[in-house]
Amino acid sequence: MKNPRRQSAFRPNDLGRLAGLVTAGLLAVLACKGLEIDENVYTGATSSRAGTTSTGGGSQSPAAGGSQARAGNSGANFAHAGREVAENGGESATDGTHATGGSGELGGSGGSGVHEPEIPAEVFSKAAFLRQVADCTVARYRDFEVHAVAFEQAAKANVAQPTDASANAVRDAWLAANASWQVAEIFRFGPAARSADEDLGAQELRDQIYAWRFGGRCPVETALVDKLYAAAGFGSSLINTRGLGAAEYLLFYPGSDNECPSYSAINSKGTWAALGLSESATRKRAYAAAVAANVLENAQKLLAAWDPAGGNFRHKLTQPGSGSVYPNEQAALNAVWHGIFYVEKEVKDYKLGIPLGVSECVSGLCPESLESRFANVSTANIRQNYVGFRRLFQGCGGNYTGLGFDDWLDAIGASDLRGRMLTALDAAQQAIDALDPPLEVSITQQTDRVWAVYTALKQLTDLLKSEFVSVLDLELPAGAGSDND
Amino acid sequence: MIERVRALGAVLRSPVDSAWLAAFRVLFGLTLLTSTLRFLAYGWIDQLFVAPQFHFKYWGFSWVKVPPAGELHALFWLMAGLCALVSLGLLFRAAAFGLFLGFTYLQLLDVTTYLNHYYLASLLALLLACSPAGQTYSLDALWRPQLARRTVPTAWLYLFRFQVTVVYTFAGLAKAHHDWLFHAEPLRIWLLSRADMPIIGPIVALDWAAPVMSWAGFLFDTSIPWLLMVPRLRPYAYLLVIGFHTTVGLLFPIGMFPVIMVLSVLVFFSPSWPRKLWGRLPARLRARFAAADTRPAPASPASHSRYRLWYALGAAYCLFQVAFPLRFLAYGGSVRWHEQGMRFSWRVMVREKNGSITFVVRAPRAGRTFYVAPHQYLTRLQEREMSSQPDLILQLAHRIRDDYAARGVGPVEVRADTWVSLNGRAIHRLIDPNVDLSRIEDGLGKADWILPEPSEPPPKLHAIRS
């Protein structure tokens with residue numbers, strides 16, 4: 001039955017009027033759509049449900065106070081682990097459960113495992129995956145905070161009563177802290193991420209803790225002469241004068257030279273030469289202590305950013321939508337995916353590619369570009385990075401159990417791709433395990449083994465950047481891509 | 001035949017209410033104003049144009065340079081002003097041509113920013129600038145009543161309708177392939193990743209949703225212009241248009257595209273439809289425009305030769321619009337794979353394609369081989385676009401060739417180790433790894449250095465199953 005009134009309501013001329021209104025409305029709605037997302041980015045709103053969805057170990061409050069209370073005992077254990085790192089000439093600490101091959105350690109970074117989240121056996125869903133990622137992330141940051149406390153205490157003790165033993169203790173503490181952070185490097189999303197990379201919720205905290213690829217020796221040497229570390233604003237000074245990288249130079253570089261050009265102030269005015277060995281050593285100890293304190297401060301900021309009582313980023317990651325920086329689960333998983341891309345750019349291209357001279361060194365090898373050439377732990381760093389990668393890709397639990405991107409592939413019927421990626425993953429693991437002696441030596445003496453790691457990682461990242469991205473429909477960070485059609 | 005041409009000429013010259021064109025001018029100006037302000041507000045100018053150290057150029061347009069950041073920002077503000085002037089009908093002709101030139105110039109800055117709807121916006125700006133759209137419901141007409149007209153030649157109406165028909169028809173034909181119709185790809189991949197959206201998420205993730213929506217999209221695109229041409233069906237067709245574009249706009253990040261299409265199809269309505277809205281305005285306001293709104297178009301053309309020139313230009317434009325999207329036929333193979341004939345062809349959202357590429361640079365004189373990652377030259381967005389588009393790969397290869405030669409390693413050979421996944425398929429090589437790209441020049445001919453597309457079907461993916 002046709003209603004004549006209704007029919008007349010759709011006459012073309014009248015509809016033209018309606019059309020104009022609808023068009024204007026649609027215009028306004030779509031114009032406001034993006035603004036809504038931006039509002040989410042900057043509100044930092046928390047939910048009353050914060051902290052109630054945590055699973056296992058992740059439900060503990062990562063407040064700084066509680067961690068500090070545990071730091072005494074844990075710090076001793078980690079210092080021991082760190083010593084193993086040093087004694088093994090840069091191999092990763094191995095007091096955790098062995099995963100595959102010879103180097104993956106699931107305590108992550110020489111940790112005792114007390115900060116590992118309990119990973120429940122769950123079937124894959126994006127929500128469950130995000131919960132496990134969040135718990136895993138908090139566990140990594142908490143682990144690092146414990147090591148940062150130990151590092152800060154050891155550095156302080158080394159200033160108060162400098163002896164060879166105290167110097168070794170602070171180096172061990174740095175090694176343990178660095179090993180822990182190298183796992184956490186992969187978790188570069190949310191507060192750890194860079195706003196320049198368009199990652200949602202970015203607070204630049206990774207760069208505050210470890211500013212690798214920014215700077216070099218000269219900024220630290222200039223800061224040493226200028227006593228920048230003793231100034232009130234040291235915590236907000238340029239990141240290339242702070243962080244684990246600066247501390248590595250201060251603690252491990254034995255030379256008395258500097259890397260600044262001759263025309264720089266510390267050389268042209270003779271202020272570096274005027275320091276003398278004794279004063280230089282004293283300042284390096286004080287500088288290292290200031291850096292350690294700053295690293296600890298930023299580690300605590302990072303934990304606080306995830307804490308339900310603080311920034312509650314855990315809630316933002318696990319409960320995307322209103323009140324979160326992520327509009328939906330897919331966007332939150334995009335952010336995690338950007339994190340694991342560290343293995344392509346930073347590990348393959350920077351940590352291996354540049355020293356190998358694959359693109360930038362016209363003269364051949366560039367061993368001076370190795371990441372940790374003063375502490376000689378460049379290989380250990382890569383192994384720890386790979387541990388972090390597998391924790392996110394395969395699962396955060398022991399032997400990489402738990403939910404990971406591989407389970408997501410399985411859940412949507414891309415099991416073939418999952419199999420090929422795991423094969424590539426194992427091949428890369430074997431190549432990394434075979435890096436013996438460590439990079440600082442093998443880059444010149446066993447170059448073929450370093451190339452083997454580079455090639456194996458390339459095969460993995462070729463899949464990661466193409467097929468993997470396609471079937472999971474992972475996208476560039478929000479805002480970086482403009483519109484699409 | 002001559003009689004028919006004359007009859008057609010008479011029809012095209014016959015006057016038709018100009019209200020539709022004025023309404024289109026207002027809405028189009030507002031849409032582009034919104035688009036321009038989005039660029040300014042979201043920081044896209046710096047991301048897309050300032051941050052990259054290398055810019056991909058269109059073939060034949062390598063001379064277009066990216067201005068400094070300050071000038072770019074100023075240009076966008078100027079564009080915003082021009083959009084407002086077009087919408088208001090103030091200094092219309094100059095503003096509309098300025099808008100066309102400015103918008104087109106911005107698109108020529110970097111190929112990786114290419115979007116079909118930006119191309120459409122440029123074309124519509126050109127048509128608008130050439131049309132008498134500023135003679136009705138405009139400030140020009142208000143302040144210079146001698147310019148005001150109530151009618152325009154029917155040819156303008158047909159030309160705009162033709163343009164919209166071309167967009168939909170080719171967008172529909174671009175979907176007439178195996179992946180889209182029989183494997184529901186890439187729509188299935190996109191819909192599965194949206195299963196967590198509120199309300200519609202669980203629906204679009206159902207197994208049947210992707211095939212149904214693929215066919216619906218194909219049928220919609222190929223039929224909607226023709227349905228809009230039938231007066232009895234037009235209201236229902238327009239509701240379909242709104243429903244379709246709203247759904248697409250909600251599901252996918254396609255910015256202003258739905259708005260542009262929803263307003264563009266208004267050209268299919270009776271030319272007088274805006275007058276109903278006009279009648280709702282306060283009487284005093286209408287009275288101010290009344291004098292300017294009563295003049296018909298000139299009863300007879302200034303000269304037949306002038307009309308002949310316009311007809312010839314119009315016919316050439318229409319011929320180009322039909323022929324250019326069909327150029328892919330000259331290349332054979334899958335245009336979604338080799339991309340020759342992909343742009344400016346209304347192939348809207350027809351592929352999910354991602355790649356990984358490493359350039360292998362061999363310097364015989366230095367005895368060295370370098371492996372160059374694209375991120376050394378490109379932003380993430382540029383790298384993602386480049387990695388699956390052969391002509392962009394070639395451009396970057398040339399840049400790398402020049403760069404390495406400048407480093408003093410002598411002449412180099414550049415090859416591409418390129419792995420690409422099309423619609424979720426297993427990765428295949430896109431570029432012949434044996435070809436030295438440093439010696440290949442880009443052109444319109446078939447690129448034999450692009451390897452054939454994969455022959456296997458895309459994988460059968462499904463929603464997350466517990």
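For the structure itself, consult the block above.
These remarks concern the structure in this document. (Residues numbered from 1 in each chain as written. Chains lettered and ligands numbered in written order. Predicted model: local features only at pLDDT ≥ 70, side-chain atom pairs only at ≥ 80, totals over all residues. Heavy atoms only, no water.)

What to know about the overall build of chain B
Helices and strands together make up the secondary structure of chain B, namely 20 helices and six strands. Taking 23 Å as the expected radius of gyration for a compact globule of 466 residues, we find that chain B reaches 25 Å, a close match to that expectation. Here the C-alpha coordinates of chain B stretch approximately 80 × 55 × 50 Å along the principal axes. Of all 466 residues assigned to chain B, the portion counted as buried reaches 57%. In chain B, 47 side chains carry a positive charge and 28 a negative one; their mean positions are 12 Å apart. (Helix = DSSP H or I, 4+ residues; strand = E, 2+ residues; numbered from the N terminus. Rg over C-alpha atoms; globule rule 2.2 N^0.38 Å. Buried < 20%, exposed > 50% of the residue type's maximum accessible area, 1.4 Å probe, protein only. Lys, Arg positive; Asp, Glu negative; His and termini not counted. Charge placed at Lys NZ, Arg CZ, Asp CG, Glu CD.)

Points about the overall build of chain A
A tally of helices and strands in chain A yields 18 helices and zero strands. Counting across all 485 residues of chain A, residues that qualify as buried make up 58%. When the accessible area of chain A is evaluated, it comes to approximately 17600 Å², of which 52% is carbon and sulfur surface. (Areas by Shrake-Rupley, 256 points an atom, 1.4 Å probe, with all protein chains shown as cover.)

With respect to unusual backbone geometry
Between A:D436 and A:P437 the backbone carries a cis peptide bond, its omega angle lying at 5°. Look at the link from B:E185 to B:P186: it is a cis peptide, with omega at 15°. If you trace the backbone, B:P186 turns up in the loop between α9 (178-182) and α10 (187-192). Phi angles above zero are rare outside glycine, and A:E204 is one such case at about 65°. Mapped onto the elements of the fold, A:E204 is located in the loop between α5 (164-184) and α6 (205-209). Phi at A:N312 takes a positive value of approximately 55°, unusual for a residue other than glycine. Assignment of secondary structure puts A:N312 in the loop between α10 (271-306) and α11 (313-318).

A look at the state of the cysteines
Residue and element names in this part refer to chain A. Evaluation of the coordinates by the stated rule reveals two disulfides over all chains. The disulfide partner of C136 is C396, and the S-S distance across this bridge is 1.8 Å. Across the S-S bond linking C136 and C396, the dihedral sits near 70°, which makes this disulfide right-handed. Taken together, the positions of C136 in helix α4 (residues 126-160) and C396 in the loop between α14 (378-393) and α15 (405-411) put the pair 260 residues apart, joining distant regions of the chain. An identical accessibility class is assigned to C136 and C396; each is buried. (Disulfide = S-S within 2.5 Å.)

Overview of the interface of chain A and chain B
Between chain A and chain B, the contact holds 73 residues from the first and 79 residues from the second. Summing both partners gives a buried area of about 6300 Å² for chain A against chain B, and 59% of it is carried by carbon and sulfur. With a shortest N-O distance of 2.7 Å, B:E383 and A:K465 are connected by a salt bridge. Summed over the shared surface of chain A and chain B, the result is 20 residue pairs in polar contact (both at pLDDT 80 or more). Of all the elements in the fold, those that place two or more residues in the side of chain A that touches chain B are α2 (12-43), α12 (329-340), α13 (342-356), α15 and α18 (447-472) of chain A. Counting residues per element, the side of chain A that touches chain B draws most heavily on α2(A), which supplies 18 residues. Among the residues forming the side of chain A that touches chain B, the class breakdown is 31 nonpolar, 20 polar and 22 charged. (Contact = heavy atoms within 4.5 Å. Buried area = accessible area lost by both parts, 1.4 Å probe. Salt bridge = Lys/Arg side-chain N within 4 Å of Asp/Glu carboxyl O. Polar contact = N/O pair within 3.5 Å; in protein donor to acceptor, adjacent residues only side chain to side chain. Nonpolar A, V, L, I, M, F, W, Y, C, P; charged D, E, K, R; others polar.)

Focus: the sheet that holds strand β5 (residues 413-422) of chain B
The strand order across the open sheet formed by four strands is β4-β3-β5-β6 (chain B), and the pairing between neighbours is antiparallel. Every other strand in the sheet has two partners, leaving β4 (368-372) and β6 (428-429) of chain B as the edge strands with one partner each. Sheet strands in contact with α18(A) are β3 (353-363), β4 and β5 of chain B, and its direction is about 150° off that of β3(B). Sheet strands touched by helix α20 (residues 390-409) of chain B: β3, β4 and β5 of chain B. Its angle to β3(B), the strand with the most contacts, is close to 30°. (Pairing = 2+ DSSP bridges. Axes fitted to C-alpha atoms, helices over the stretch in contact; angles between N-to-C directions.)

Regarding the side chain of A:Q182
Residues and elements named next belong to chain A. Along the polypeptide, Q182 turns up in helix α5. Within the structure, the side chain of Q182 is placed 3.1 Å from the side chain of K351, a separation counted as a polar contact. The residues contacting Q182, other than those within four sequence positions of it, are Y210, Y342, K351, E371, N381, Q384 and N385.

A few points about the pairing of β3(B)
Residue and element names in this part refer to chain B. Burial analysis of β3 places nine of its eleven residues in the buried class, the great majority of the element. In this sheet, β4 lies alongside β3 in antiparallel orientation, the contact comprising five bridges. For A363, the partnering residue across the bridge sits in β4 and is R368. The hairpin turn running from β3 into β4, its antiparallel successor, is four residues long, and G367 in that turn takes a positive phi close to 65°.

Some points on the nonpolar core
Ranked by internal contacts, the top residues of the largest apolar core, which has 263 residues, are A:L317 and B:F359. Examining the composition of this core, we find that 15 residues originate from one element, α10(A), more than from any other. Non-local contacts of A:L317, meaning those with residues more than four positions away in its chain, are made with A:L130, A:V133, A:A134, A:F189, A:W306, A:Y326, A:A332 and A:V336. (Core = buried A, V, L, I, M, F, W, Y, C linked by side-chain atoms within 4.5 Å.)

Considerations on the environment of B:L115
Looking at the element boundaries, B:L115 is found in the loop between α5 (92-108) and α6 (116-130). Distance in space between the C-alpha atoms of B:L115 and B:W346 is 9.4 Å, their sequence separation being 231 residues.

Topic: the packing of aromatic side chains
For the structure on display, the rule yields 51 aromatic pairs over all chains. Taken together, a centroid distance of 6.3 Å and an interplanar angle of 70° make the contact between A:F189 and A:W306 edge-to-face. With A:F189 in the loop between α5 and α6 and A:W306 in helix α10, this residue pair connects regions lying 117 residues apart in the sequence. Ring centres of B:F220 and B:F244 lie 3.9 Å apart, and the angle between their planes is 15°; on these two criteria the pair is classed as stacked. Here B:F220 is found in helix α12 (residues 209-229), whereas its partner B:F244 is found in helix α13 (residues 234-251), with 24 residues between them in sequence. A connected cluster of aromatic rings, assembled from ring pairs, spans A:F124, A:F129, A:Y386, A:F389, A:F393, A:F405, A:W408 and A:F468. Its guanidinium or amino end placed over the ring of A:Y253, A:R217 lies 4.2 Å from that ring's centre, counting from NZ or CZ. Seen from the ring of B:F324, B:R327 lies directly overhead, with NZ or CZ sitting 4.0 Å from the centre. (Phe/Tyr/Trp six-rings, centres within 6.5 Å; stacked < 30°, edge-to-face > 60°. Lys NZ or Arg CZ within 6 Å of the ring centre and 35° of its normal.)

Concerning the environment of A:E204
Residues and elements named next belong to chain A. The class of E204 is partly exposed, set by a relative accessible area of 26%. C-alpha of E204 to C-alpha of V138: the two residues are 66 residues apart in sequence and 17 Å apart in space. In this structure, E204 is in contact with P191, A192, A193, R194 and S195, ignoring residues within four places of it in sequence.

Notes on the pairing of β5(B)
All names here are of chain B. Burial runs high along β5: eight of the ten residues are buried. Taken together, the ten bridges between β3 and β5 define a ladder with antiparallel strand orientation. Bridged to T358 within β5 is D417. Judged from the two bridges that link them, β5 and β6 form a sheet pairing that is antiparallel. Its bridge partner lying in β6, V420 is registered against H428.

Let's talk about a nonpolar patch on the surface
All names here are of chain B. On the surface, I203, L206, W208 and V212 cluster together into a nonpolar patch covering about 390 Å² of accessible area. Within the secondary structure, L206 is located in the loop between α11 (201-204) and α12. When its relative accessible area of 39% is taken as the criterion, L206 is described as partly exposed. (Patch = residues over 30% accessible without salt bridge, like charges linked within 9 Å, V, L, I, M, F, W, Y side chains within 5 Å.)

Some thoughts on the environment of B:R306
Residue and element names in this part refer to chain B. Along the chain, the position of R306 falls in helix α17 (residues 304-323). A relative accessible area of 51% places R306 in the exposed class. Between the C-alpha atom of R306 and that of F92, which follows or precedes it by 214 residues, the distance is 21 Å.

A word on the pattern of salt bridges
Evaluated as defined, the whole model comprises 42 salt bridges over all chains. Between A:E259 and A:R373 there is a salt bridge, with the nearest N and O atoms lying 3.6 Å from each other. On the criterion of sequence distance, the pair formed by A:E259 in the loop between α8 (243-252) and α9 (265-268) and A:R373 in the loop between α13 and α14 is long-range, its members being 114 residues apart. Owing to a relative accessible area of 40%, A:E259 belongs among the partly exposed residues under this scheme. The network of salt bridges with common partners includes A:E344, A:K348, A:D349, A:K465 and B:E383.

What is shown is where atoms sit, not what they do.
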